[in-house]
Amino acid sequence: MSQTSSTACVAMVTAISLVSSPAAAESANMPSAIQAKIDAARAECASFDSGEFALEEGAVQRVDLDGDNADDWVVNEGRFACSTAASLYGGTGGSMSHFLIGSKLASIQNQGWEITQFGPHTVLLARVHGSNCDGINPTPCVTSSVWDEEAKVWRSASAAWE
């Protein structure tokens, strides 16, 4: 095989893999509210010494947040990267995560989150800054929320322990 045809084959395989990659397909179907968060972060990075913006693995996720067996959208700013500002999208309090269910976008600053089942409820657990629990950053603190489909809001409670 000649050098030219070998190079052409590599270029074609690369082009096909980029077009058919899940990230490229998902990006084409990304809701405008999610794309707006990414675009704003990209602009913020560019305005900081002409930084180059990147989405790291896990920046955009598809997860069933409300228990309806359909994947919703999540953007984790802690998985954004800017070449000129290492801590632009997060700090000791964590970073913003944006949760899109239907057309409703809600955000919370957190140090990590996960979805779990508790009886009939799909529950979002988020590690939050210790100041939310009358402490300081290293104070362990978690909030739990469930999606209220009728009201289109996240519901959380702060119960007092005796």
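Every value quoted in this text rests on a predicted model; they were computed, and no experiment measured them.

(A) Representation of the sheet that holds strand β3 (residues 72-76) within the structure. Pairing is antiparallel across the open sheet formed by four strands, whose spatial order is β2-β3-β5-β6. Each having just a single partner strand, β2 (60-63) and β6 (104-110) make up the two edges of the open sheet. Across the sheet, the mean angle separating the axes of adjacent strands is 20 degrees when strand polarity is ignored. Alignment of β3 against strand β5 (residues 95-101), held across four bridges, turns out to be antiparallel. When the sheet's bridge partners are listed, V74 is paired in β5 with F99.

(B) Region of the structure containing the state of the cysteines. Taken as a whole and judged by the stated rule, the model has two disulfides. With its sulfur 2.1 Å from that of its partner, C45 forms a disulfide with C82. On the S-S bond that ties C45 to C82, the torsion sits near 90 degrees, and the link is right-handed. Residue C45 is located in helix α3 (residues 32-47), and its partner C82 is located in strand β4 (residues 80-82); the two are separated by 37 residues in the primary sequence. Like C82, C45 is buried. Here C133 connects covalently by a disulfide to C141, the sulfurs 2.0 Å from one another. Disulfide C133-C141: torsion about the S-S bond near 75 degrees, hence right-handed. For C141, a relative accessible area of 7% corresponds to the buried category. Take the cysteines of the protein chain that form disulfides and number them in order along the sequence; they join up as 1-2, 3-4.

The rules behind the values
Every residue gets a number counted from 1 within its own chain, in the order that chain's sequence is written. The model is predicted, so local features are restricted to residues of pLDDT at least 70 and side-chain atom pairs to those at 80 or more, both for listing and for counting; the totals for chains, interfaces and linings are taken over all residues. By convention in this description, side-chain values take in all heavy atoms of the structure and omit both hydrogens and water. At least two bridges found by DSSP between two strands is the condition for calling them paired. Going along the chain from the N terminus, every DSSP run of H or I of four or more residues is numbered as a helix, and every run of E of two or more is numbered as a strand. Simply put, an axis is a line fit to the C-alpha atoms, just over the touching stretch for a helix, and the angle between two N-to-C directions goes from 0 to 180 degrees. Defined by distance alone, a disulfide is two cysteine sulfur atoms within 2.5 Å. Per-residue accessibility, obtained with a 1.4 Å probe over protein chains only, is compared with the maximum for each type, and a residue is labelled buried under 20%, exposed over 50%, and partly exposed between these values.

Spatial relationships are all this shows, so hold off on functional conclusions.
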